[in-house]
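Inside the fold
If you want the building blocks of each chain, they are given just below.
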Amino acid sequence: MDTAPSAQPLTTTAPADGNRRRVATAAALASAVEWYDYFVFGIAAALVLGDLYFPAGSPTAGVLASFATFAVGFLARPLGGIVAGQLGDKRGRKPMLVLALTLMGLATTGIGLLPTYETIGVAAPILLVLFRVLQGIAVGAQWGGAMLMATEYAPEGKRGVYGSFVQLGVPIGVVTANTVFLLAGAFTTDAQFAAWAWRVPFLVGLFVLVLAWYIHTRVEETPEFREAEKKLAEKEKAEQSSPLRTILRGHLGTVLLAGGSFAVNTATFYIIITGVLDYTTRELGMKKSAVLMVSLCISLTQLVLIPAAAALSDKIGRIRIYAIGAVGIGLWAVPMFLLIDTGSLLWLAVGTFVTSCFLSIMYGPQAALFAELFTPEMRYTGASLGYQIAAVLGGGLAPFIMVLLLETTGTSMAVSGYIIGLSVIALLSIKVLADRARSR
C-alpha cells in the first residue's frame, strides 16, 4: 500500500547563516547554469537545428525532427533522476550535483562544436541525439541535488522560500539563453547566424564546469542528509534495502501523483518558450528577435513571482498555492491562444504573461512540496522521480505534440485543449495528495 510519509525535518545542529546563504546561492547558480544549457537547445531547435541536422523533407518535417530530438532529452531525465537519486540518498546530495553539472557542461559544449549534416552526413543527427541524451541525464540528476541542498539547509518555516531559489534557475536560464541568442542574432546576418553564431550560446556552457569545481571545493553536505545517512546505513544492514526499492514498494503512488500534478506546468512552460517561438515565427510571420524579447521580459517577471508564491506557501500552505496555479493555467489556455493568433506582439505578450504568472504561482512552492512528500533517506529518489515523470509526460513531448496538433487540426484551440486536459489531471492529483496529507 502506498503511503506519503511525514517529512518533518530530523533533529540536526542548525548551520550558520553564512553557510546557509552560500549553499542557497550555489544551489541557485547550479540550477541557473544547468537550465541555461538545457534551454539553449530548445531555442536552437525552434530556429536552426531542423535545417542544419535534419535537412531532408519539408520545413515542418525538419522542425518535428528537431523537436523530437529536444524531447529525447526529457526521456533521458528519469534515468538521471533514478541514478542520481539512488546515489544521492546513499552518498550525498553534493557529489551528484557536481557530477550533473560536469556532464551538462561537456554535453552542451559538444553540441556547440558538432559538425552539421552537410559536413559529416548522418553521423551529425546521431551525435546530436547522443549529446541531447547526456543533457537529459544531467538535468535529471541536477534538480534533486540542487533542490535538496537548498531546502535541507532552510531555516524553520522558510523551506518554500529556500526551495524557490533553485526554481529561479528556470527563468534565469531562459533570460540568459534568450539574451545570448538575441545578441548572436543582432551582431550577425541571418547567413552568419545559421553558419556559426548559433553555436556561441552552447559554448558559453563551459562556465558550468567552473561552478562544479566551486561546489565541490567550497560547499558542505546538508545536515539532514548526514543524519539520514546514519539511519539508512542501519536500515540497509538490517534489511538490505535501497531508496529506489523503498520508493517502488511503498511510495510509487505518491511519485506518480507528484508527476501528474506537475505535468501541466512543465508542458505549458515549454509550449510558451519553445512551441510558441516556432509557431509565431513560422506560421504567423512574426520576427524572431521580437518573440525572443517577449519571452525574455516575461521570464524576468518570474524572478519576482516565483519567490513571492513560495513565501506565501510558507504561510498558508503549499497545496493551496499550487492548486491555484493549476486552475489558472487551465482557465487561461483558450484566451492565451486567441490572443497569440492575432499576430500582434502586444497581445502575444499579454497572453503569455498571464500564463507565466500562473506557472510561477505553481512553480514557486513545488520544490518544497515535493521534498516534503518524502523522508530524507529517500527524498532525492522520490522527489526526482516525480519531477522527471512530469518532465517526460509534459515538457519533453509538448512542443512536438503542439506541432502535430496544429498540422492535423489547423487550429491552435487543439493545443488549448491539450493544456486543459493536463490541468484536469493536475487538479485530480493535487486533490488526492491533499486528502492524504489531511489523513496523516
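Our subject in this report is the structure included herewith. Model, not experiment: these values are computed from the prediction.

Moving on to helix 15 (residues 318-340). Here helix 15 is 23 residues long and its end C-alpha atoms lie 31 Å apart, about the 33 Å a rise of 1.5 Å per residue gives. The largest bend along helix 15 measures about 45° and falls at Trp332, with the proline Pro335 one to four residues further on.

Okay, the pattern of salt bridges next. Applying the stated criterion across every chain, the model contains 6 salt bridges. Asp435 is the partner of Lys431 in a salt bridge, and the nearest nitrogen-oxygen pair spans 3.0 Å. One end of the pair, Lys431, and the other, Asp435, are both in helix 20 (residues 413-439), 4 residues apart, so they sit about a helical turn from each other. Asp435 gets classed as partly exposed once you look at its relative accessible area, which sits at 30%. Within the structure, one salt-bridge network assembled from shared partners comprises Arg159, Asp314, Arg318 and Glu372.

Before going further, it helps to spend a moment on the environment of Gln388. Assignment of secondary structure puts Gln388 in helix 18 (residues 376-396). Overall, the relative accessible area of 0% leaves Gln388 in the buried class. Sequence-wise, Gln388 and Gly136 are 252 residues apart; in three dimensions their C-alpha atoms are separated by 9.8 Å. Not counting the four nearest positions on each side in its chain, Gln388 is found in contact with Arg77, Pro78, Val139, Gly140 and Trp143.

Turning our eyes to something else, we now look at the nonpolar core. Core analysis: the largest hydrophobic core is formed by 125 residues, its most contacted members being Phe39, Tyr53, Tyr270, Ile271, Phe337 and Phe370. Excluding its chain neighbours within four sequence positions, the residues that come into contact with Tyr270 are Trp35, Tyr38, Phe39, Phe70, Phe74, Arg77, Gly275, Gly395 and Pro399.

Turning our eyes to something else, we now look at the packing of aromatic side chains. One pass over the structure, following the stated rule, counts 9 aromatic pairs. With a centroid separation of 6.1 Å and an interplanar angle of 85°, the aromatic rings of Tyr53 and Trp198 are classed as edge-to-face. Here the residue Tyr53 occupies a position in helix 1 (residues 17-53), and Trp198 occupies one in the loop between helix 8 (190-195) and helix 9 (200-203), the gap between them amounting to 145 residues. For the pair shown, Tyr53 and Trp198 are each scored as buried. Between Tyr162 and Phe165, the ring centres sit 5.3 Å apart and the planes meet at 45°, which makes this aromatic pair tilted. Residue Tyr162 and its partner Phe165 are both found in helix 6 (residues 159-167); the two are separated by 3 residues, about one turn of the helix. We classify Tyr162 as buried; its relative accessible area is 12%. Three or more aromatic residues joined by ring pairs make a cluster, and in this case those are Phe262, Tyr363, Phe370 and Tyr387. Residue placement shows Lys288 over the ring face of Phe193; its charged tip is 4.1 Å from the ring centre.

A separate point is the layout of surface pockets. Of the voids in this model, the second largest pocket is the one considered here, and its volume is about 430 Å³. Lining the second largest pocket are 18 residues, and of these Ala46, Leu47, Val48, Asp51 and Lys288 lie nearest its centre. Top element by residues in the lining of the second largest pocket is helix 1. It accounts for 8 residues. For the lining of the second largest pocket, the per-class residue count stands at 10 nonpolar, 3 polar and 5 charged.

The N-to-C vectors of helix 3 (residues 93-113) and helix 5 (residues 123-151) enclose an angle of 150°; their axes lie 8 Å apart at closest approach. In terms of orientation, helix 3 lies roughly antiparallel with respect to helix 5. Here the hand of the crossing between helix 3 and helix 5 comes out left-handed. For the contact of helix 3 with helix 5, the per-class residue count stands at 16 nonpolar, 5 polar and 2 charged.

Glancing now at the side chain of Ser412. Positionally, Ser412 belongs in the loop between helix 19 (398-409) and helix 20. Polar side-chain contacts of Ser412 include one of 2.4 Å to the side chain of Asp341. Once residues within four sequence positions are removed from consideration, Ser412 is found in contact with Tyr279, Phe337, Asp341 and Leu406.

What follows is about helix 14 (residues 288-316). Think of an α-helix as turning once every 3.6 residues; residues three or four places apart then point the same way. Along its 29 residues, helix 14 runs 41 Å from first to last C-alpha, staying within 8% of the 42 Å computed at 1.5 Å per residue. Two residues or fewer after helix 14 comes Gly317, characterised by a positive phi angle close to 110°.

What counts as what
Residues numbered from 1 in each chain as written. Predicted model: local features only at pLDDT ≥ 70, side-chain atom pairs only at ≥ 80, totals over all residues. Heavy atoms only, no water. Helix = DSSP H or I, 4+ residues; strand = E, 2+ residues; numbered from the N terminus. Expected span 1.5 Å × (residues − 1). Bend = angle between axes of the 7 residues up to and from the residue. Salt bridge = Lys/Arg side-chain N within 4 Å of Asp/Glu carboxyl O. Buried < 20%, exposed > 50% of the residue type's maximum accessible area, 1.4 Å probe, protein only. Contact = heavy atoms within 4.5 Å. Core = buried A, V, L, I, M, F, W, Y, C linked by side-chain atoms within 4.5 Å. Phe/Tyr/Trp six-rings, centres within 6.5 Å; stacked < 30°, edge-to-face > 60°. Lys NZ or Arg CZ within 6 Å of the ring centre and 35° of its normal. 1 Å grid on protein atoms, 1.4 Å probe; cavity = no way out; pocket = protein on both sides within 12 Å on 5 of 7 lines; lining within 4 Å. Points joined across faces, edges and corners; volume = space filled by probe spheres on them. Nonpolar A, V, L, I, M, F, W, Y, C, P; charged D, E, K, R; others polar. Axes fitted to C-alpha atoms, helices over the stretch in contact; angles between N-to-C directions. Parallel < 35°, antiparallel > 145°, perpendicular 65-115°, else oblique. Left-handed = near helix turned anticlockwise from the far one by under 90°. Polar contact = N/O pair within 3.5 Å; in protein donor to acceptor, adjacent residues only side chain to side chain.

Purely spatial values, then, with no claim about function.
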